[in-house]
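Survey of secondary and tertiary structure
Each chain is listed here by its residues.
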Amino acid sequence: MKRYIGLLSEVSELTNKNQIDVDAYVDIAHKYRGKILELGSGSGTISIGLAKEGYDVTCLEIHRDMIHLHEEKLDDALEENTTIVLGDMCSFDLNEKFDLIIAAGNLVNSIMNEKEIHNMLESVKKHLSDVGVFVIECDYPNINRFIEEQDKERVEFFENPRTKMKVENRIRSHYNFLEMTRQDHIVVTEFKDKRIKRRIQITRDQKIWTADELRKFIYDNTLSIMLESGNISTIEPITEQSSHMIFFLKR
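All of these numbers come straight from a predicted model, not from anything done at the bench.

**Considering the sheet that holds strand β8 (residues 181-192)**
Read from one edge of the open sheet, four strands run β6-β7-β8-β9, paired in antiparallel fashion. Strands with a single pairing partner mark the edges of an open sheet, and in this sheet they are β6 (153-160) and β9 (195-207). Averaged over all adjacent pairs, the angle separating strand axes in this sheet is 15 degrees, with direction ignored. Direction of pairing for β8 relative to β9: antiparallel, over a ladder of twelve bridges. Across the sheet, E190 pairs through a bridge with R198, a residue of β9.

Shown next, in the form of structure tokens:
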């Protein structure tokens, strides 16, 4: 039976693929080694890169369509090193310890409140080995960029390699600067010639966490910051000019 793969998941895979530095995570894995857990693994972009290097990777993902996309990419060798689990990163219990846990690509911004952040950190802490390291990566909140983007529609066009059809991806972001949230209004349309074949419209909410807020959550959950950086590939201070915030944590 053919599995249903949602249009939004297909487009998310295409648009996110070029925004993730897989090589940087392979380098991190080489440094810390051992068993790896990726939270919110999506369609497996990072996990597949790690599995190809011979690492045993457990992938926790809440969306079934993304899991299906991931499974389609696995050959026998990758399957040998890959375990995929359907689950919530804020409340998981795998009864296993890991030497490296990863939360990449703004995953933490999908957590909308402090309670869930604390739940996620508690779950991670239970799964870290004595030498385990937890890596959080997200964008640095650039207020000037948010003001420039406010309520402006961005449009992307590309070909869906799965269907060979043209896809139009429209996104309009609204920022609530009082609550520090972002709401994306997304319309994705797939065309066969000029006829619409599939379309989905959704609203996606994100919370914009600052570096100081994340540091407070980390310390409140009795985790230690080993290292922090404004760049996933190099070590540099987190400043207002940083594009990212990366925290390396231990118990």
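Anyway, onward from the coordinates.
**Here we look at the pairing of strand β4 (residues 98-103)**
Extensive coverage of β4 is indicated by the burial of six of its six residues. Examined bridge by bridge, strand β1 (residues 36-39) and β4 share three bridges and lie parallel to one another. Looking at β4, one finds that E38 is bridged to I102. With five bridges joining them, β4 and strand β5 (residues 128-139) adopt parallel strand pairing. Note on β5: the bridge partner recorded for L100 is V133. Taking the sense of rotation as the criterion, the β-α-β connection linking β4, helix α6 (residues 114-127) and β5 turns out right-handed.

Conventions we followed
Counting from 1, residues in each chain are numbered in the order their sequence is written. Only residues with pLDDT of 70 or above have their local features reported here, since the model is predicted, and side-chain atom pairs are shown and tallied only from 80 upward, although totals for entire chains, interfaces and linings are computed over all residues. Hydrogens and water are ignored here; the side-chain numbers use all heavy atoms of the structure. Two strands make a pair as long as DSSP finds a minimum of two bridges between them. What counts as a helix is a DSSP run of H or I of at least four residues, what counts as a strand is a run of E of at least two, and both are numbered from the N terminus. Between N-to-C directions, angles cover 0 to 180 degrees, with each direction set by a line fitted to C-alpha atoms, over the stretch in contact for helices. With a 1.4 Å probe rolled over the protein chains alone, any residue whose accessible area is under 20% of its type maximum counts as buried; one over 50% counts as exposed, and the rest are partly exposed. Crossovers are marked right-handed if the path from the first strand over the helix to the second runs clockwise, as seen with the strands pointing away from the viewer.

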